[in-house]
Amino acid sequence: MAYRAPLTNHHADNSLCPADHKHTSSGKPLHTDCPGRAYTRAVCSCGWEKEEYGKGYVNECRKRHLASHAEEQNAPSAV
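These numbers were taken from a predicted model, which means no experiment stands behind them.

Draft legend 1. Summary view of the pairing of strand E4 (residues 49–52). Sheet topology places strand E3 (residues 39–43) next to E4; four bridges connect them, and they run antiparallel. Looking at the pairing, Thr 40 lines up with Glu 52 of E4. Between E3 and E4, which pair antiparallel in sequence order, lie five residues; one of them, Gly 47, sits at a positive phi of approximately 110°.

Draft legend 2. Inspection of the sheet that holds strand E2 (residues 16–17) at higher detail. The four strands are arranged E2-E1-E3-E4 in an open sheet whose pairing can be described as antiparallel. Each of the sheet's edge strands pairs with one partner strand only, and the pair in question is E2 and E4.

Draft legend 3. Representation of the pairing of strand E1 (residues 7–10). Sheet topology note: the E1/E3 ladder contains four bridges and is antiparallel. Pairing of Asn 9 across the sheet is with Thr 40, part of E3. With two bridges connecting them, E1 and E2 associate as antiparallel partners. What sits directly across from His 10, in E2, is Leu 16. Taking the residues that link successive antiparallel strands as the turn, the E1-E2 hairpin has five residues, and the phi of Asn 14 there is positive, at about 75°.

About the criteria used
- Residues numbered from 1 in each chain as written.
- Predicted model: local features only at pLDDT ≥ 70, side-chain atom pairs only at ≥ 80, totals over all residues.
- Heavy atoms only, no water.
- Pairing = 2+ DSSP bridges.
- Helix = DSSP H or I, 4+ residues; strand = E, 2+ residues; numbered from the N terminus.

Encoded structure:
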């Protein structure tokens, strides 16, 4: 099974921040209609999730989590 854990950005009011809204590295908006990125969330198809202010941190956690699925799939089965 292929697991997926897409990243999504959110405003402070919990609304989704569209992908075309660009931000500085600190989350300040570069798009005129955007209040700014308040947090980033990653939710895996297995149910795992991570939500934090730092987009880079969430992305690192997401990559480690997805790598753990790959390790589980490649582990020899106990027969």
